[in-house]
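Letter by letter, the chains look like this.
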Amino acid sequence: AFNTCIRRSLQELDQMLTRVDDQFVASKSILRDGDCNAITIRDRLQNLRVSPEDTIFFYYAGHGAQDANGHFLQTSATGGNDLRRTEITELIQRHNARLSVIITESCNAAATFKTKEVASMSRHRSSGPTKLEELLLSYRGLIDVNSADDGQYGWGNPTHGGFFSKFFTEDLLV
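Residues numbered from 1 in each chain as written. Predicted model: local features only at pLDDT ≥ 70, side-chain atom pairs only at ≥ 80, totals over all residues. Heavy atoms only, no water.

Engineer: Before we go on, may I ask you to explain unusual backbone geometry in this structure?
Structural biologist: Backbone phi values are negative for most residues with the exception of glycine, while trans is the configuration of most peptide bonds. A positive phi angle is found at Asn 96, which is not glycine, with a value near 55 degrees. For Asn 96, the position within the fold is in the loop between α3 (85-93) and β5 (99-105). Judged by relative accessible area, which is 58%, Asn 96 ranks as exposed. (Helix = DSSP H or I, 4+ residues; strand = E, 2+ residues; numbered from the N terminus. Buried < 20%, exposed > 50% of the residue type's maximum accessible area, 1.4 Å probe, protein only.)

Engineer: Please explain the nonpolar core as it appears in this structure.
Structural biologist: In summary, soluble globular proteins display a tendency toward joint burial of nonpolar side chains. The biggest cluster of nonpolar side chains holds 15 residues, and the ones touching the most others in it are Ile 41, Leu 45, Phe 58, Ile 88 and Ile 92. Breaking this core down by element, the ones donating at least two residues are α2 (38-46), β1 (55-61) and α3. The residues contacting Ile 41, other than those within four sequence positions of it, are Leu 31, Cys 36, Phe 58, Thr 75 and Leu 83. Leu 13, Val 101, Leu 136 and Leu 172 belong to the second largest nonpolar core, which has 14 residues in total. (Core = buried A, V, L, I, M, F, W, Y, C linked by side-chain atoms within 4.5 Å. Contact = heavy atoms within 4.5 Å.)

Engineer: Would you mind going over the sheet that holds strand β6 (residues 141-146) with me for this structure?
Structural biologist: Whenever strands of a sheet pair, they do so through backbone hydrogen bonds, lying parallel or antiparallel. What the three strands build is an open sheet, ordered β1-β5-β6; its pairing is parallel. Where the open sheet ends on each side, the last strands, each with one partner, are β1 and β6. On average, adjacent strands in this sheet sit at an angle of 5 degrees to one another, irrespective of strand direction. Bridge count between β5 and β6: six bridges; the pairing is parallel. Counterpart to Leu 99 in the pairing with β6 is Gly 141. (Pairing = 2+ DSSP bridges. Axes fitted to C-alpha atoms, helices over the stretch in contact; angles between N-to-C directions.)

Below, the structure written as structure tokens:
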């Protein structure tokens, strides 16, 4: 069920980004399953080709946890393949892009719980640019967001994907 939840979140995100593809040249790199590991993520982030007016958008949905050194992504069930959030931020900021966005949907604590349903929300499209278009094309700096705060868990289900991603992508399209 967890992998189904992640796939659903990736579908939602891909649909969201597809809506702004015609506004700017986008290069997407999607890592799934065994390819989504710390070594490959580091390599992709180190080898990005970025100009000073570009936006880097990094999204991760999967296991995460926290220890005395802060939040990290657990890219392997066997351990030893973790990726610290601080390292991701450093790798991305080295490129000096106009805007760097880091979005992760993961727990920020060590435990597993059963998923719960979430109530549906409806959004209405406003006139003018969407929040996503405005975000990606108008702002500068770093945006760094995880779906769970310190000591919290990320939630989702196979129907909606990660609850954070579902409402994040819906909200940015209005």
